[in-house]
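# Structural characterization, general
Letter by letter, the chains look like this.
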Amino acid sequence: METQHPLEPNSPRKGQAVTPATAPATTPATELTTTPTLTSEQLRHSLSQHFSFDGFREGQEQTITQLVSGHSTLSIFPTGAGKSLCYQLSAIHLPHLTLVVSPLLALMKDQLAFLKSKGISAASIDSTLTPQENQAVMADVRSGRIKILMVSVERFKNERFREFIKSIDLSMLVVDEAHCISEWGHNFRPDYLKLPQYRSELNIPLVLLLTATATRKVKKDMAQRFAISPEHIIQTGFYRDNLDLTVLPVNGAAKNQQLVSTINQQQGVGIVYVTLQQSAEQVADYLQGNGINATAYHAGLGNELRHQIQNDFMQGAIQVVVATIAFGMGIDKADVRFVIHYDLPKSIENYSQEIGRAGRDGLASNCITLANLDGINTVENFVYGDTPEPEAIEYVINNIRDEMVNGQWELQVLSLSNASNVKQLPLKTLLVQLELYGVIKPLYAYFAEFRYKFIEAQEKVLARFPGERQQFLQAIFQHTDFKKVWGTLDFDNLYQHYGSERHRVVAAMEYLQEQGLIVLETKKITEVFSVDNDALSDPQLVPSLSDYFQDKEQKEVQRIAALVRFFELDRCLTSNLARYFDDQKAPERCGHCSACRGQKATLEYSQQPQLPDDMQLQTMLMGLKAHLESKAGKTPSLGMYCRFLAGISVPLFNRHKVKALSGFGCCEQIRFAHIKEKVTALI
Ligand SMILES: [Zn+2]
């Protein structure tokens, strides 16, 4: 099928004829009904032909059958159960492009390498590509050579990408780690909330949501947002009868020794999970010193080294990898005999994914957690550090009101984060909330700057196009400020003199680059929103947003409490874990966990942390007050005092070097609620 020429004036985009522009964003696109359903035999044949697999794993065939018969699907399979194959095989049988949204570059690259090894044409558009590689991918997608394209959710904010993907026929949207869309999930990513809207704008008929972990609430939430009917949700059993779970309470000082003796009782290879990169190194050193063949693995190591370690581990040349959660994403080693948690996992969801890497061959494997309460409040502090204070929310609202021009507001996240003292992630959450409240609506994002240089002479470029297109290009070149070789486009001037819409200009520049006529560079991403004045003036706005964040904070803190409760259970751990993920089929007593063996764990602090005395605290708080008043002209709020003592960084502290003041982080071992009580009494 021929692609619309982007230089054509008012070129109608494909798909627009089917979906009226006025369709509400929440309306799901019409599901495919024309694709003939493939028989089970045909699917098996295809599986063996393309992937050389003999048979499907549980849930795969049902997922693929639903998709190729045109039904959007939510599939929940445990880690390592072959989720990716569901979209990979379906994509081959769908007429157009399959677009995969994945949260992690490493995951994308692993899946691409797999597809390449099977001779299936797939690519990603990501930050690691050179402009030339990017162009090559786009050209291959346009020509239909590439069937599967992988991107991150952030890619949709890129105006150039959106212009491009709008012109492509899409068959399916795949959302990997789809639980990120739910605020009830353990890994909520605000940008994911916009995926249903993108799906509708791009008129993508089919959706496949993939995740390894979803509680009942998260499952309902995901399905509802993408209008997936309950009969199209596929969940395989969660229970693994070959995993033996043990919780072993241990004092911080005895932990390393305990780890050595625990490993010495194991057979085969295993993974030790730690929270910090630094601990990965220290623990690996300690193990080596005790004659264990161990290696540290974390995101701080170079790519090459990480690959080397992964390979060595796969080959069995390393017995133990001491890793942060960065390890295991792409690892599919069947005979991992043990997984040990040296530190408490981040959440029950993380725990289940991490122990899921053990015993994939079905043979008996051990999962041991060395548990105490050390570090629990560090996890809690991350939560408290992310809750914006009411005055910060008000600052953002005022910024919208003051800087709005003709009902539009422009945002650069980093500078607003600094000015409002809200960290970037919660600021994004706040903006998504403002969207959901109807206060702002994203129009587009643009690069404040477009720079380009000619590869072919300007006259030759012009000579390639007839009539209006030539005049249009001429206008673009005339409204470019050239310095020697590179020129910066002046959009405003161009619009005033030629009246051309921005998106047509962007599409044209993109096209010239694709044709190898120019080199294009873009800078400074700016997001533009339209503003609803009535909604913005609602006096309840700040209080309700504040409540939302308080509520979110509570949910997170409760999630941490639930994690501790889980490890202290006196009833079967395995069965409670399965039920947490809505698997009702697990046995009530597994007989292979420490609770079933009658060893209930109690988690304690290795050393009961103590607050500094009141006099000392007073001095520190006064010091902060004086510093911020003189440097920032700001009197600290209750929240700021508490964060200061807890050692939680916020943009304001970073800007004014608050970390260097005496007292910063002196209470980092104390629970936040306790600090708050104390500070309230003191000020
Ligand atoms: Zn049990």
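The shown structure was predicted, so the numbers you read here are calculated from the model rather than taken from an experiment. (Residues numbered from 1 in each chain as written. Predicted model: local features only at pLDDT ≥ 70, side-chain atom pairs only at ≥ 80, totals over all residues. Heavy atoms only, no water.)

### Some words on the overall build of the protein
The helix and strand inventory of the protein stands at 27 helices and 18 strands. For 683 residues, the compact-globule estimate of 2.2 N^0.38 gives 26 Å, and the protein sits close to it at 28 Å. Taken over the C-alpha atoms alone, the protein extends approximately 85 × 75 × 45 Å along its principal axes. Out of the 683 residues in the protein, the part that is buried amounts to 52%. Partitioning the contacts of the protein with sequence separation of at least 6, the portion at a separation of at least 24 is 77%. For the protein, the computed accessible surface area is about 31000 Å², with 49% contributed by carbon and sulfur atoms. Charge-centre separation for the protein: the mean point of 67 positive side chains lies 2 Å from the mean point of 74 negative side chains. (Helix = DSSP H or I, 4+ residues; strand = E, 2+ residues; numbered from the N terminus. Rg over C-alpha atoms; globule rule 2.2 N^0.38 Å. Buried < 20%, exposed > 50% of the residue type's maximum accessible area, 1.4 Å probe, protein only. Contact = heavy atoms within 4.5 Å. Areas by Shrake-Rupley, 256 points an atom, 1.4 Å probe, with all protein chains shown as cover. Lys, Arg positive; Asp, Glu negative; His and termini not counted. Charge placed at Lys NZ, Arg CZ, Asp CG, Glu CD.)

### What to know about the confidence of the model for the protein
For the protein, the average pLDDT comes to 88, and 94% of its residues sit at 70 or higher. No element of the protein has a lower mean pLDDT than strand E15 (residues 440-454), which averages 81, and none a higher one than strand E5 (residues 170-175), which averages 98. Note on residues 1-34: pLDDT under 50 across the span, and 54 contacts to partners over four residues away in sequence or across chains. (pLDDT = per-residue confidence, 0-100.)

### Concerning the pattern of salt bridges
Overall, the coordinates contain 24 salt bridges when judged by the stated rule. Across the salt bridge formed by Glu514 and Arg142, the nearest N and O atoms sit 3.0 Å from each other. In this pair, Glu514 sits in helix H20 (residues 502-514) while Arg142 sits in helix H5 (residues 131-142), placing the two residues 372 residues apart along the sequence. Exposure remark for Arg142: the relative accessible area of 22% places this residue in the partly exposed category. In this structure, the salt-bridge partner of Asp191 is Lys194, at a minimum N-O distance of 3.6 Å. Lys194 sits in the buried class, given a relative accessible area of 9%. Members of the salt-bridge network, linked through shared partners, are Asp191, Lys194 and Glu435. (Salt bridge = Lys/Arg side-chain N within 4 Å of Asp/Glu carboxyl O.)

### A few points about the domain arrangement of the protein
Once the domains are mapped, the protein shows domain 1 (40-235), domain 2 (243-380 + 569-580), domain 3 (390-422 + 438-535) and domain 4 (614-682). Facing the twelve residues of domain 1 at the interface are twelve residues of domain 2. Roughly 960 Å² of surface becomes buried between domain 1 and domain 2 when both sides are summed, with 54% attributable to carbon and sulfur atoms. Linking domain 1 to domain 2 there are zero salt bridges. Split into classes, the residues belonging to the side of domain 1 that touches domain 2 amount to three nonpolar, six polar and three charged. (Domains from an automatic or database assignment. Buried area = accessible area lost by both parts, 1.4 Å probe. Nonpolar A, V, L, I, M, F, W, Y, C, P; charged D, E, K, R; others polar.)

### A word on the coordination of the zinc ion
Within the protein, the zinc ion binds to Cys572 (SG), Cys590 (SG), Cys593 (SG) and Cys596 (SG); these donor distances fall in the range 2.3 to 2.4 Å. The site at the zinc ion holds four donor atoms, and with the angles between them running 101 to 119°, its shape is tetrahedral. The sequence motif formed by the donor residues of the zinc ion is C-x17-C-x2-C-x2-C. Here the residue Cys572 occupies a position in the loop between helix H22 (541-567) and helix H23 (573-580), and Cys596 occupies one in the loop between H23 and helix H24 (614-632), the gap between them amounting to 24 residues. On the basis of relative accessibility, which here comes to 4%, the residue Cys572 falls in the buried class. (Donors = N, O, S within 2.8 Å, 3.2 Å for Na, K, Ca; no water. Tetrahedral: all angles 85-135°; square planar, octahedral: opposite > 155°, others 65-115°.)

### Let's talk about the sheet that holds strand E7 (residues 233-235)
The seven strands are arranged E3-E4-E2-E5-E6-E1-E7 in an open sheet whose pairing can be described as parallel. Lying at the two open borders of the sheet, with one neighbouring strand each, are strand E3 (122-124) and E7. In this sheet, adjacent strand axes meet at a mean angle of 15° when their direction is disregarded. Where strand E1 (residues 73-76) meets E7, three bridges bridge the pair, whose relative direction is parallel. Bridge pairing in E7 links Leu74 to Ile233. Sheet strands in contact with helix H4 (residues 105-117) are E3 and strand E4 (148-151), and its direction is about 160° off that of E3. (Pairing = 2+ DSSP bridges. Axes fitted to C-alpha atoms, helices over the stretch in contact; angles between N-to-C directions.)

### Points about the pairing of strand E10 (residues 294-297)
Relative to strand E11 (residues 320-323), E10 runs parallel, the two sharing four bridges. Paired with Ala296 across the bridge in E11 is Val322. Crossover handedness for the path E10 to helix H11 (residues 303-315) to E11: right-handed. (Right-handed = clockwise from strand over helix to strand, strands pointing away.)

### Things to note about the packing of aromatic side chains
One pass over the structure, following the stated rule, counts 23 aromatic pairs. Grouping aromatic residues by their ring pairs yields a cluster made of Phe156, Phe161, Phe164 and Tyr198. One cation-aromatic arrangement involves Arg451 over Trp486; the distance from NZ or CZ to the ring centre is 4.4 Å. Between the NZ or CZ atom of Arg504 and the centre of the ring of Phe472, over which it lies, the distance is 3.6 Å. (Phe/Tyr/Trp six-rings, centres within 6.5 Å; stacked < 30°, edge-to-face > 60°. Lys NZ or Arg CZ within 6 Å of the ring centre and 35° of its normal.)

### Considering the side chain of Thr211
Secondary-structure assignment places Thr211 in strand E6 (residues 206-211). On the basis of relative accessibility, which here comes to 0%, the residue Thr211 falls in the buried class. In this structure, Thr211 is in contact with Ser75, Ile76, Phe77, Lys83, Ala178, His179 and Met222, ignoring residues within four places of it in sequence.

### With respect to the pairing of strand E13 (residues 365-371)
Among the seven residues of E13, six are classified as buried, and the element is accordingly described as predominantly covered. The pairing of strand E8 (residues 243-249) with E13 spans seven bridges and is classified as parallel. Opposite Val247, over in E13, you have Thr369 as the bridge partner. Pairing of strand E12 (residues 336-341) with E13, which is carried by four bridges, proceeds in the parallel orientation. In the strand pairing of E13, His341 is matched with Thr369. Running through helix H12 (residues 348-355), the crossover from E12 to the neighbouring parallel element E13 is right-handed.

### Notes on the sheet that holds strand E16 (residues 480-483)
Across the sheet, which stays open at both edges, the five strands sit in the order E14-E18-E15-E17-E16 with antiparallel pairing between neighbours. Each edge of the open sheet is held by one strand with a lone partner, namely strand E14 (408-411) and E16. With strand direction ignored, the average angle separating the axes of adjacent strands in the sheet is 30°. Two strands pair when backbone bridges link them, and E16 and strand E17 (residues 486-489) are joined in this way by four bridges, in the antiparallel orientation.

### Description of helix H10 (residues 277-289)
Helix length check: H10, at 13 residues, gives a terminal C-alpha distance of 19 Å against a target of 18 Å (1.5 Å per residue), a fit within 8%. Considered for burial, the residues of H10 that qualify are Ser279, Ala280, Val283, Ala284 and Leu287. When H10 is viewed along its axis, its buried side chains cluster within an angular range of 130° and face the same direction. In this structure, H10 carries Gln278 and Gly289 as exposed residues pointing more than 90 degrees from its buried face. Against helix H9 (255-264), E10 and E11 lie the buried residues of H10. Directly beyond the C-terminal end of H10, a positive phi value near 75° is found at Gly291. (Expected span 1.5 Å × (residues − 1). Arc of directions from axis to C-beta.)

### With respect to the packing of H24 against helix H27 (residues 672-682)
Between H24 and H27, whose axes approach to 11 Å, the crossing angle comes to 80°. On the basis of their axis angle, the class for H24 and H27 is roughly perpendicular. Residues Asp614, Leu617, Gln618 and Leu621 of H24 touch H27, and the partners they reach there are Lys678, Val679 and Leu682. Of the residues that constitute the contact of H24 with H27, the class distribution is four nonpolar, one polar and two charged. (Parallel < 35°, antiparallel > 145°, perpendicular 65-115°, else oblique.)

### What about the packing of helix H2 (residues 60-68) against helix H3 (residues 83-93)?
In the contact formed by H2 and H3, the axes pass within 9 Å of each other and the chain directions differ by 35°. Crossing of H2 against H3: the hand is right-handed. The residues of H3 that touch H2, namely those facing Gln60, Thr63, Ile64, Leu67 and Val68, are Leu85, Cys86, Leu89, Ser90 and His93. Partitioned by chemical class, the residues of the contact of H2 with H3 number six nonpolar, four polar and no charged. (Left-handed = near helix turned anticlockwise from the far one by under 90°.)

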